[in-house]
Amino acid sequence: MQADLFAPETDIATPRAAAAGLQAQADALPGAWRALLAPCLTAPAWQELADFVDGERAAGKPVFPHEVFHALHLTPPDAVKVVILGQDPYHGTGAVGGVELPQAHGLAFSVPEGIKVPPSLRNIFKEIAAEYGDSPAPRASGNLEGWARQGVLLLNTVLTVEQGQAASHARRGWEAVTDCLIHALAASHPNLVFLLWGSHAQAKKPLLTDRHCVLEAPHPSPLSAHRGFLGCGHFRETNRWLEAHGRTPIDWLAA
C-alpha cells in the first residue's frame, strides 16, 4: 500500500520508548496466539528474521510499526470472524498536532487516530457507505481498532518496514510466518470470511480450506478500485455469511 505524504515542516516525534525486540514481542503475545504460532516461530528462519529486524533498529533505521503484533493483541484466535489481508505496513508518517507519527500501527489498512485517512482506506469507507447507504460525508478517523475488537483480523503479510522504503522488509522471512499463521488459523477455526483484495492477497487462497467464505476483488488502491472493488458488496456479503453461521455481524460503520 502506498503511504500519503504529510507536512514536511513538522518535527519527528520521539518515541515514548524504544520498540521491544521482535522475539520479546512474540513472547508477549497472548497464550492462544503463541500456541497457534508455535510451529511458525521455532524454525531457524524466524530467528534470522528477528535478527534482521532487530539489527535494522539497532543500526538506527526507523522501523514501523513499533508494536508489530498489535492486530493479534486486539483479536484473539477464537474471536476471529473475518480476515482482511494487507501487504506491507504503511511506510510514511502523518501529522498530528504538529508532530509526525508513523502511519503504521500494526493493523492492515488502519492508521492511528488523528492521521489523515490514506487513499485505499478512503475507498474502503466509500464502498461501505455505498452498501449501507451511509452519509457521503468523509469519515475523519482511519483507526480500525473498533473492527479488530469485533473480530476482524487486519493482517499484513509483511509486518515491518523501514520508513520511506516500501517493501524493504519483504522476502526477509515475514511471508513464511504469516502464511503459517493464515494456514493454522484456517485449519483450526471454521466458517471464517477471508477478504482477498488484489493479486498479492489472492495468492494466499491455496492456504485456505473450502469451509470458509473467500471473497475476492481488486485492491482498493485508487489505481485499481474502479476495476471491481467499488461495487463488490463484500461487507454485506460478509455479514450474511456470519449470520448464516450463527455469528454476530460486524458493524462496519463503527470503526
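Details of the structure are given in the entry above.
Keep in mind the model is a prediction, meaning the values are calculated, not measured. (Residues numbered from 1 in each chain as written. Predicted model: local features only at pLDDT ≥ 70, side-chain atom pairs only at ≥ 80, totals over all residues. Heavy atoms only, no water.)

Enquirer: Before we go on, may I ask you to explain the state of the cysteines in this structure?
Expert: Covalent bonding between the sulfur atoms of two cysteines defines a disulfide. The tally for this structure, following the rule as stated, stands at 1 disulfide. With a sulfur-sulfur separation of 2.1 Å, cysteine 40 is cross-linked through a disulfide to cysteine 180. In this structure, the disulfide formed by cysteine 40 and cysteine 180 twists by about -80 degrees around the S-S bond and is classed as left-handed. Residue cysteine 40 is found in the loop between α2 (31-37) and α3 (44-58), and its partner cysteine 180 is found in helix α7 (residues 174-188); the two are separated by 140 residues along the sequence. Between cysteine 213, a free cysteine, and cysteine 232, which holds the nearest cysteine sulfur, the sulfur-to-sulfur gap is 12 Å. (Disulfide = S-S within 2.5 Å. Helix = DSSP H or I, 4+ residues; strand = E, 2+ residues; numbered from the N terminus.)

Enquirer: How should I be thinking about helix α5 (residues 119-132) in this particular structure?
Expert: Note on helix geometry: an α-helix contains 3.6 residues per turn, so any two residues three or four positions apart are oriented the same way. Across its 14 residues, α5 extends 20 Å between first and last C-alpha, which sits within 8% of the 20 Å expected from 1.5 Å per residue. Counting buried residues in α5 gives 10 out of 14 residues, a clear majority hidden from the surface. Within the sequence span of α5, burial applies to Pro119, Ser120, Leu121, Asn123, Ile124, Phe125, Glu127, Ile128, Ala129 and Glu131. Buried residues along α5 sit in contact with α6 (145-150), β8 (193-197) and α9 (234-244). Glycine 133, located one to two residues past α5, shows a positive phi value of around 65 degrees. (Expected span 1.5 Å × (residues − 1). Buried < 20%, exposed > 50% of the residue type's maximum accessible area, 1.4 Å probe, protein only. Contact = heavy atoms within 4.5 Å.)

Enquirer: Which parts of the structure should I look at to understand the pattern of salt bridges?
Expert: In a structure, side chains of opposite charge can pair up when their charged atoms sit close to one another. Enumeration according to the criterion identifies 4 salt bridges in this entry. Residue glutamate 145 pairs with arginine 149 through a salt bridge whose shortest N-O separation is 3.7 Å. In this pair, glutamate 145 and arginine 149 are both assigned in helix α6, 4 residues apart and thus about one turn of the helix distant. Given a relative accessible area of 17%, glutamate 145 falls into the buried group. (Salt bridge = Lys/Arg side-chain N within 4 Å of Asp/Glu carboxyl O.)

Enquirer: I keep staring at the packing of aromatic side chains and nothing clicks. Help me out?
Expert: How two aromatic rings sit relative to each other is given by the distance of their centres and the angle of their planes. One pass over the full model with this rule turns up 9 aromatic pairs. With centroids separated by 6.1 Å and ring planes inclined at 75 degrees, the aromatic side chains of phenylalanine 69 and tryptophan 174 adopt a geometry described as edge-to-face. Of the two residues, phenylalanine 69 is situated in the loop between β2 (63-64) and α4 (70-74) and tryptophan 174 in helix α7; the sequence distance between them amounts to 105 residues. Relative accessible area serves as the criterion here: at 5%, phenylalanine 69 is assigned to the buried category. By relative accessible area, tryptophan 174 is classed as buried at 0%. Seen in terms of ring centroids, phenylalanine 125 and tryptophan 147 are 6.4 Å apart; in terms of plane orientation they differ by 85 degrees. Their pairing is edge-to-face. In this pair, phenylalanine 125 is assigned in helix α5 and tryptophan 147 in helix α6, connecting sequence segments 22 residues apart. Like tryptophan 147, phenylalanine 125 is buried. Among the aromatic residues, those joined into a ring-pair cluster are Phe109, Phe125, Trp147, Trp197, Phe229, Phe235 and Trp252. (Phe/Tyr/Trp six-rings, centres within 6.5 Å; stacked < 30°, edge-to-face > 60°.)

Such coordinate-based values are descriptive only and should not be taken to indicate function.
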